[in-house]
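Understanding the architecture of this molecule
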Amino acid sequence: MDPVYQVLTDKLKQLKVSGIVINPWLAVHSSKCFTPHVLEFLRIEADNLAGLILSDAQKMQYFNYLPNPANFPKAALCETFMSTAVFIAHEKTGDLFVDEDIAREAILRVIGYCNTHGISNLLHLYQITTIYDNLNALVYYNGIPEQIFISGDWHRPWAKHFLNDDLKMGVFTGLMEVVDQNGERCVQITPKGTENLQLIRQMLEAAGYFAERMSLQHISQFNRLEEYEKLAEEIFPEFMQLRKRLIDFTGIRAGMKVLELGSGTGLLTFEAGLADRIGLNGKLVCIDPSAKMINRARAKLEAEEKNWVELGVGVAEELPFEDDRFDAVIGCAFLHFTNRETALREMRRVTRSGGIIGSFHPLACAFNSFPFFSEWFARIFELASKRREQPKNFLFGPEECLASFTETGLIKIEHQEPFSPMVFRDPDKVIKHIIHGLGLYQEELANLPWKAREEIMNGLKERGISICRKYSEEERIIYQPVQFIKGIVP
Ligand SMILES: C[S@@+](CC[C@H](N)C(=O)[O-])C[C@H]1O[C@@H](n2cnc3c(N)ncnc32)[C@H](O)[C@@H]1O
């Protein structure tokens, strides 16, 4: 990679470590996130910070060539405050609502970053991600009418300002042009813009930006899946049996110290009997990144008074536990949402020698070989074929997981790959579960401009209604391969 891009990639990684989010997807429904009072507070603080920290020399360094960048730093800071605040709210409460304390915490985080790394760095990175969103949308729509581009409605609805400066910068730097199309002014990408888009995409990819966007999507989807339990049961009628089978398969016994990952609302923990199997002489610690799902599990814990169970928010890739602490680390239907290698390394680290690591998860399946499915999800398959790729999903094959277990250094690995029915009945629930619960096609969707993504999701629901009329219920059952796998820490 070009050294300039390497430096930017490293800076993007740094931003993530500092807990700053300029990826604003969570803030898209800003009326639900902010009261007018808090929004005004963030705006004023952004104006102050832009005025205070950005010296004339810095302005010259970054914007001297631009016709009118006056509002750019304020807009960039305000947007960064907003998305960081929503991210913090989401992390802490599972909701997206930002109160004054959270707003203040976001401002302090951003100021802290600017003090250490410089405000110009932040602005530069903001600029790169917004250039990506702008150019990516221009390619997808093959040009956007000028007024719509400026409103940001199709591709950056979270922005609280008009995108005039973006357009000016884009035209000035030769990445965009405004052309007359059937009497209407239309913003188009230029060949230079197309070249830049490719480079920026590579860089964002290397910095893990898209992965972060997708992981934020997942967690927010799980936060929003109020009816997750009912959905899961309706679509995978055997899910509860499979959870119980995981407990037997991994050989969890009374008195063990166990860590459960991706515990969600506690279906494995409570309903399937993991907590009862371990019993009051043991210890069960459960973590999940979705604060909302953990809150639902907490209500069950309070009702059941199982004081050997502990719940907390966290991801499998960064376990907040010392080495060798557990006798077993297991989880149900979570591994496909993680960076598998990192998660397994962490799972091994916190498990004592001789301890067990186990997982149950759905496996990749040729869904498009089922006529009803390929017809229903044709739009996603079309998108993939435009990019000359197979649609991507997070599910992996049995061998891939086996290889990861082996590479993690686990021994005595055992695995089973049965099939389990997946029933496609109610289109609304199916879409929620396929896209949100199972996490299929996230990569296809994450690459789309905001409006296109929304339209495709709605289109899939509508299409589902006619598919359910056309195909019998029998024809709409897929026997999905699933995997039970366990290994021992040497
Ligand atoms: C399909 S649900 C399974 C929930 C529960 N284990 C069950 O059996 O119903 C997947 C869970 O994985 C969680 N998850 C997503 N990303 C994760 C990560 N990086 N580490 C751990 N869990 C994650 C989600 O928040 C969600 O609760």
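Per an unreviewed UniProt entry, the protein goes by Methyltransferase type 11 and derives from Syntrophobotulus glycolicus.

A closer look at the overall build of the protein
Assigned secondary structure in the protein consists of 23 helices and 11 strands. Considering only C-alpha atoms, the protein reaches an extent of 70 × 55 × 45 Å along its principal axes. The proportion of buried residues among the 490 residues of the protein is 57%. Within the protein, contacts between residues separated by at least 24 positions form 80% of all contacts whose residues are at least 6 apart in sequence. Carbon and sulfur atoms make up 52% of the accessible area of the protein, which totals about 21000 Å². Across the protein, the mean location of the 54 positive side-chain charges is 1 Å away from that of the 65 negative side-chain charges.

A closer look at unusual backbone geometry
Backbone geometry at Asp324 places phi at a positive 60 degrees, although glycine is not the residue there. Examined against the element boundaries, Asp324 turns out to sit in the loop between β6 (309-313) and β7 (326-332). Look at Ala333: it is not a glycine, yet its phi comes out positive at around 55 degrees.

Looking at the sheet that holds strand β3 (residues 184-189)
Taking strand neighbours across the sheet as the criterion, the three strands line up as β1-β3-β2 in an open arrangement whose pairing is antiparallel. Strands at the two margins of the open sheet, each flanked by one partner only, are β1 (144-145) and β2 (176-181). Those strands touched by helix α9 (residues 164-172) are β2 and β3, and its axis lies near 100 degrees from that of β2.

Structural notes on the pattern of salt bridges
Applying the stated criterion across every chain yields a total of 26 salt bridges. One salt bridge connects Asp327 with Arg352, and the closest N-O pair in it is separated by 2.7 Å. With a gap of 25 residues between them, Asp327 in strand β7 and Arg352 in strand β8 (residues 351-362) connect regions that are remote in the sequence. Take Asp327: its relative accessible area is 13%, and that puts it in the buried class. Residue Lys461 is joined to Asp428 by a salt bridge in which the shortest nitrogen-to-oxygen separation is 3.8 Å. Placement of the pair is Lys461 in helix α23 (residues 450-470) and Asp428 in helix α21 (residues 427-437), with a sequence separation of 33 residues. Ionic contacts of the salt-bridge type, sharing partners, join the residues Glu79, Arg156 and Asp166 into one network.

Quick notes on the packing of aromatic side chains
Taken as a whole, this structure holds 21 aromatic pairs when the rule is applied. For the ring pair Phe367 and Phe373, a centre distance of 5.1 Å and an interplane angle of 25 degrees mean the geometry is stacked. A residue is classified by how much of its surface remains accessible, and Phe367, at 1% relative accessible area, is buried. Look at Phe377 and Tyr441: their rings are 6.2 Å apart centre to centre, the planes differ by 45 degrees, and that puts the pair in the tilted class. A residue pair is termed long-range when its members are at least 10 positions apart, and Phe377 in the loop between α18 (371-376) and α19 (378-386) and Tyr441 in the loop between α21 and α22 (442-446) qualify at 64 residues. In this structure, Arg243 is placed above the aromatic ring of Phe239, and the distance from its NZ or CZ to the ring centre is 3.8 Å. Here the basic side chain of Arg340 rests over the ring of Phe396, its NZ or CZ set 4.4 Å away from the ring centre.

What counts and how
Residues numbered from 1 in each chain as written. Predicted model: local features only at pLDDT ≥ 70, side-chain atom pairs only at ≥ 80, totals over all residues. Heavy atoms only, no water. Helix = DSSP H or I, 4+ residues; strand = E, 2+ residues; numbered from the N terminus. Buried < 20%, exposed > 50% of the residue type's maximum accessible area, 1.4 Å probe, protein only. Contact = heavy atoms within 4.5 Å. Areas by Shrake-Rupley, 256 points an atom, 1.4 Å probe, with all protein chains shown as cover. Lys, Arg positive; Asp, Glu negative; His and termini not counted. Charge placed at Lys NZ, Arg CZ, Asp CG, Glu CD. Pairing = 2+ DSSP bridges. Axes fitted to C-alpha atoms, helices over the stretch in contact; angles between N-to-C directions. Salt bridge = Lys/Arg side-chain N within 4 Å of Asp/Glu carboxyl O. Phe/Tyr/Trp six-rings, centres within 6.5 Å; stacked < 30°, edge-to-face > 60°. Lys NZ or Arg CZ within 6 Å of the ring centre and 35° of its normal.

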